[in-house]
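Take a look at the letters that make up each chain.
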Amino acid sequence: MGAPAFLSTLLLFILFINTTTATSSSSQTYKTYVKTACNSTTYPEICYKALSSYATSVKSNPQKLCNYALSVTLKAAKKASSTVSKLSKKKGLTKAEAGVVEDCIENIEDSVDELKQAVTAMKNLGDADVQLHLDDIKTWVSASLTDEDTCTDGFDEQKVSAAVKNTINKSILTVARLASNALSLINNLSY
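Predicted model, so just to flag it, every value in this text is computed and none were measured.

Visitor: Residue-level account of the overall build of the chain, with values.
Guide: Assigned secondary structure in the chain consists of 7 helices and 0 strands. Tracing the chain from N to C terminus, the helices and strands come up as α-α-α-α-α-α-α. Looking at the chain residue by residue over its 191 residues, the buried ones come to 37%. Restricting to contacts in the chain with at least 6 residues of sequence separation, those with at least 24 account for 73%. In the form shown here, the chain has an accessible surface area of approximately 11000 Å², with 55% of it arising from carbon and sulfur atoms.

Visitor: Tell me what's going on with empty space enclosed by the protein, and back it up with residues and numbers.
Guide: Counted under the stated rule, the structure contains 1 cavity of 30 Å³ or more. Considering only enclosed or pocket space, the largest cavity measures out at about 50 Å³ in volume. Lining the largest cavity, in full, are Cys47, Ala50, Leu51, Ala69, Val72, Thr73, Leu178, Asn181, Ala182 and Leu185. Elements with a contribution of two residues or more to the lining of the largest cavity: α2 (44-51), α4 (62-88) and α7 (162-187). Per-class residue counts for the lining of the largest cavity are 8 nonpolar, 2 polar and no charged.

Visitor: So what's going on with the layout of surface pockets? Residues and values would help.
Guide: The computed volume of the largest pocket comes to approximately 580 Å³. Every residue lining the largest pocket is counted, 19 residues in all, and those nearest its centre are Val72, Ala76, Lys79, Thr174 and Leu178. Among the secondary structure elements, those contributing two or more residues to the lining of the largest pocket are α2, α4 and α7. No other element matches the 8 residues that α4 contributes to the lining of the largest pocket.

Visitor: Got a sec to walk through helix α6 (residues 130-157)? Specific residues and values, please.
Guide: It helps to recall that an α-helix has 3.6 residues per turn; residues three or four apart then point in one direction. Look at α6: 41 Å from first C-alpha to last across 28 residues, which is about the 40 Å you get at 1.5 Å a residue. Those residues of α6 not exposed but buried are Val130, Leu134, Ile137, Val141, Ser144, Asp147, Glu148, Cys151, Thr152, Gly154 and Phe155. Looking at the buried residues of α6, the elements they touch are α4, α5 (95-123) and α7.

Visitor: Would you mind going over the side chain of glutamate 114 in detail, with residue names and values included?
Guide: Tracing the backbone through its elements, the reader meets glutamate 114 in helix α5. In this structure glutamate 114 is buried but unpaired, with lysine 116 as the nearest side chain of opposite charge at 12 Å. Setting aside anything within four residues of it in sequence, one finds glutamate 114 in contact with Trp140, Ala143, Ser144 and Asp147.

Visitor: So what's going on with the confidence of the model for the chain? Which residues, and what values?
Guide: Residues of the chain with pLDDT of at least 70 account for 86%, and the chain-wide mean is 87. Element-level mean pLDDT values for the chain span from 65 in helix α1 (residues 3-38) up to 97 in α2. Low confidence marks residues 19-23, where pLDDT is under 50. Its contacts with residues over four positions away, or in another chain, come to 0 contacts.

Visitor: Quick one: what's the story with the state of the cysteines, residue by residue and with numbers?
Guide: Summed over all chains, the structure comprises 2 disulfides. Two residues, cysteine 38 and cysteine 47, share a disulfide whose sulfurs are 2.1 Å apart. Every disulfide takes its handedness from the sign of the S-S torsion; for cysteine 38 and cysteine 47 that torsion is -65°, giving left-handed. This pair shows no difference in class: cysteine 38 is buried, exactly as cysteine 47 is. Put simply, cysteine 104 and cysteine 151 are joined by a disulfide, and their sulfur atoms are 1.4 Å apart. Residue cysteine 104 is located in helix α5, and its partner cysteine 151 is located in helix α6; the two are separated by 47 residues in the primary sequence. For the pair shown, cysteine 104 and cysteine 151 are each scored as buried. For the chain, the disulfide bridges join cysteines in the arrangement 1-2, 3-4, where the cysteines are counted in sequence order. Free of any disulfide, cysteine 66 has its nearest cysteine sulfur in cysteine 47, 9.5 Å distant.

So, how was this worked out
Residues numbered from 1 in each chain as written. Predicted model: local features only at pLDDT ≥ 70, side-chain atom pairs only at ≥ 80, totals over all residues. Heavy atoms only, no water. Helix = DSSP H or I, 4+ residues; strand = E, 2+ residues; numbered from the N terminus. Buried < 20%, exposed > 50% of the residue type's maximum accessible area, 1.4 Å probe, protein only. Contact = heavy atoms within 4.5 Å. Areas by Shrake-Rupley, 256 points an atom, 1.4 Å probe, with all protein chains shown as cover. 1 Å grid on protein atoms, 1.4 Å probe; cavity = no way out; pocket = protein on both sides within 12 Å on 5 of 7 lines; lining within 4 Å. Points joined across faces, edges and corners; volume = space filled by probe spheres on them. Nonpolar A, V, L, I, M, F, W, Y, C, P; charged D, E, K, R; others polar. Expected span 1.5 Å × (residues − 1). Lys, Arg positive; Asp, Glu negative; His and termini not counted. Salt bridge = Lys/Arg side-chain N within 4 Å of Asp/Glu carboxyl O. pLDDT = per-residue confidence, 0-100. Disulfide = S-S within 2.5 Å.

Shown next, in the form of structure tokens:
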């Protein structure tokens, strides 16, 4: 290999190393931003676990972080809806259990609708009257939390098996914690 070819190869190698290091450094900076933001939430570890994979898209943009937090929460709510819907088709449910499950399905569907509205409004944030839109988003996320809580209220009023309770509680708890974190992040937005 001649000197010019060697120097070209060496230069390309150095550029590759610098680019890789810069990308890695930026990625770590963005993950640190997500971690710091998540530390302000009620469930910081859950927040970071749910959102760290979006760090390079979020960069250091709090609105984008809120977008992803709401989207992750919506996805979890849809999964909870599917889980509880499957539970409703399970054979052997008592009449009381079937009633609780049906009420829960309705509550989770309401929660999904409210989260969809919040996601749409957050994506359009920046249009006129930002504070009004933020207040609407907070209201929808809070309402979704209330719906999730209402779902599990049926356990106190009816005799429900441990298996049914556990299945619903696990799904609802995941959504509630994600929604709580999203609301914390949204409350920290400043315009």
